[in-house]
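# Observations on the model geometry
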Amino acid sequence: VASAVLMGGLVALLGSGVGLWVVSTAVVYAVATYVVSRVVEGGRRATDRLVTVVVTTAFLLAMLPLVSVLYTVVSEGWARFDATFFTQSMRGIVGVGGGGLHAIQGTLIITGLAALMSIPFGILTAIYLVEYGNNSRLARAITFFVDVMTGIPSIVAGLFVYTVFIIMLGQPRSGLAAGLAIAVMMLPIIARAADVVLRVVPGGLREASLALGASRWRTVWHVVLPTARPGLATAVILG
């Protein structure tokens, strides 16, 4: 408070803006904290307090763009956050009017289609790599292509689906095509994350299930997957 009041008066005399006042207050506070702490508590504690001030200031600076974007979106868009926005689309609308129903429905449809295609195949791929692959040549090839697909830019996935699904097969532009493009991007992420999660499951659980006479698939279904359920949920969310 003392730093803010002191620098506020100085900035007012200089006729500068709010930005200079905030920066100068932070600098004066950091220096004053270090000096007082070094006199009272010693150099080690003073350094700790100084680093705490610097890290906190860096965090606040990093939050400024986020807060600014949120404030702008809410302040500019609050007037249109009404029932009309959720019940009407932009069909036939030119200029003012309409709503975002088309965008909401399109997002749900495309994301749902992509999830329906990528989640089962991603988890099944991870199950094969961990439980059945045994570092075989096929398993190594799948791991390699999954890693490669993880770095594919989104525009490449879109062009691939556009070329194969729309141009070569003659299918119309639709939500299914968009869902396929997103599924191509989701699949390697889910497969890689699920692979890591399944490998964390203790091997003793698998051995105990197999020792009791369960088959490999029953062990995976009743032991491995329930144990890894939280991590698999995280993999799906990441995708």
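Everything in this summary refers to the structure shown in the same document. Think of each chain on its own: its residues are numbered from 1, step by step along the sequence as written. Residue-level local features of this predicted model are given only where pLDDT is at least 70; pairs of side-chain atoms are given and counted only at 80 or more, and the full residue set underlies all totals for whole chains, interfaces and linings. The basis for the side-chain values is all heavy atoms of the structure; hydrogens and waters are excluded.

Scanning the chain from terminus to terminus reveals 11 helices and zero strands. For a compact globule the rule gives 2.2 Å times the number of residues to the power 0.38, and the radius of gyration it is set against comes from C-alpha atoms. Over its C-alpha atoms the chain spans a radius of gyration of 28 Å, topping by over 25% the 18 Å that the globule rule assigns to 239 residues. With the C-alpha coordinates of the chain rotated into their principal frame, the extents come out at 75 × 60 × 30 Å. To sort residues, take the accessible area from a 1.4 Å probe on protein chains only and compare it with the maximum for the residue type: under 20% means buried, over 50% means exposed, and anything in between is partly exposed. Residue burial in the chain is summarised as follows: out of 239 residues, 23% are buried. In what follows, residue pairs with any heavy atoms lying within 4.5 Å of each other are defined as contacts. The long-range fraction of contacts in the chain, counting pairs at least 24 apart against all pairs at least 6 apart in sequence, stands at 50%. In short, Shrake-Rupley with a 1.4 Å probe defines the accessible areas, and a residue's cover is counted only from the protein chains shown. Accessible surface computed for the chain: about 16,000 Å², of which carbon and sulfur atoms make up 73%. For this count, His and the chain ends are skipped, Lys and Arg are scored as positive, and Asp and Glu as negative. All charge positions are set by atom: Lys at NZ, Arg at CZ, Asp at CG, Glu at CD. Averaged over its 15 positive side-chain charges, the chain has a centre that lies 7 Å from the centre of its 8 negative ones. Helix numbering and strand numbering both begin at the N terminus, where a helix is a DSSP run of H or I of at least 4 residues and a strand a DSSP run of E of at least 2.

It is the contact of helix 7 (residues 154-168) with helix 8 (residues 175-200), at a shortest axis distance of 9 Å, that shows an interaxial angle of 135°. The angle between helix 7 and helix 8 places the two elements in the oblique class. Relative to helix 8, helix 7 is oriented so that their crossing is right-handed. Between helix 7, through Ser154, Ala157, Gly158, Val161, Phe165 and Ile166, and helix 8, the contact on the second element is made entirely by Leu176, Ala177, Leu180, Ala181, Val184 and Met185. Polar here means any residue other than Ala, Val, Leu, Ile, Met, Phe, Trp, Tyr, Cys and Pro, which are nonpolar, and Asp, Glu, Lys and Arg, which are charged; Gly is therefore polar. When its residues are assigned to classes, the contact of helix 7 with helix 8 shows 10 nonpolar, two polar and no charged. Lines fitted to the C-alpha atoms define the axes, with helices restricted to the stretch that makes contact. Angles between their N-to-C directions range from 0 to 180 degrees. Roughly parallel covers angles under 35 degrees, roughly antiparallel covers those over 145, roughly perpendicular covers 65 to 115, and oblique covers all other angles. When the near helix sits turned anticlockwise from the far one by under a right angle, the crossing is termed left-handed; a clockwise turn instead gives a right-handed crossing.

To continue, consider the pattern of salt bridges. Any Lys or Arg side-chain nitrogen found within 4 Å of a carboxyl oxygen on Asp or Glu counts as a salt bridge. One pass over the structure, following the stated rule, counts seven salt bridges. Two residues, Asp147 and Arg192, come together in a salt bridge whose shortest N-O distance is 2.6 Å. A residue pair is termed long-range when its members are at least 10 positions apart, and Asp147 in helix 6 (residues 137-150) and Arg192 in helix 8 qualify at 45 residues. Overall, the relative accessible area of 38% leaves Asp147 in the partly exposed class. With relative accessibility at 32%, the residue Arg192 sits in the partly exposed group. Across the pair Arg199 and Asp195 runs a salt bridge, and its minimum N-O distance is 3.0 Å. Highlighted residues: Arg199 and Asp195, both in helix 8, separated by four residues, approximately one helical turn.

Put simply, two rings from Phe, Tyr or Trp (the six-membered ring, in Trp's case) pair if the centres are within 6.5 Å, and we call them stacked under 30 degrees between planes, edge-to-face over 60, tilted for the rest. Following the criterion strictly, the structure yields five aromatic pairs and no others. Seen in terms of ring centroids, Phe85 and Phe86 are 5.2 Å apart; in terms of plane orientation they differ by 90°. Their pairing is edge-to-face. For Phe86, a relative accessible area of 40% puts it in the partly exposed group. Measuring from ring centre to ring centre gives 5.4 Å for Phe144 and Phe145, while their planes differ by 70°; the resulting arrangement is edge-to-face.

Here, the term nonpolar core denotes a set of buried Ala, Val, Leu, Ile, Met, Phe, Trp, Tyr and Cys residues that are joined through side-chain atoms within 4.5 Å. Counting residues in hydrophobic clusters, the biggest one holds 19 residues, and the most contacted among them are Ile127, Ala194, Leu198, Leu225, Ala228 and Leu232. Among the elements of the structure, helix 5 (101-132), helix 8, helix 10 (216-227) and helix 11 (229-238) are those that each provide at least two residues to this core. When neighbours within four sequence positions are excluded, Leu225 is seen to be in contact with Ile127, Leu198, Val220 and Leu232. By size, the runner-up hydrophobic cluster in this structure holds five residues, among which are Phe165, Ile166, Ala177 and Ala181.

Side chains of Val69, Val73, Val74, Trp78, Phe81, Phe86, Ile104 and Leu108 sit close together on the surface and give an oily, nonpolar patch of about 830 Å² of accessible area. Looking at the nonpolar patch, the elements with two or more residues in it are helix 3 (43-77) and helix 5. A per-element tally of the nonpolar patch places helix 3 first, with three residues. Structurally, the position occupied by Trp78 is in the loop between helix 3 and helix 4 (83-87). Here a patch means residues that are over 30% exposed by relative accessible area and free of salt bridges, tied together within 9 Å if like-charged and within 5 Å if nonpolar (Val, Leu, Ile, Met, Phe, Trp, Tyr).

Now for unusual backbone geometry. The backbone phi angle of Asn134 is positive, close to 55°, even though this residue is not glycine. In this fold, Asn134 is placed in the loop between helix 5 and helix 6. For Asn134, a relative accessible area of 66% translates into the label exposed.

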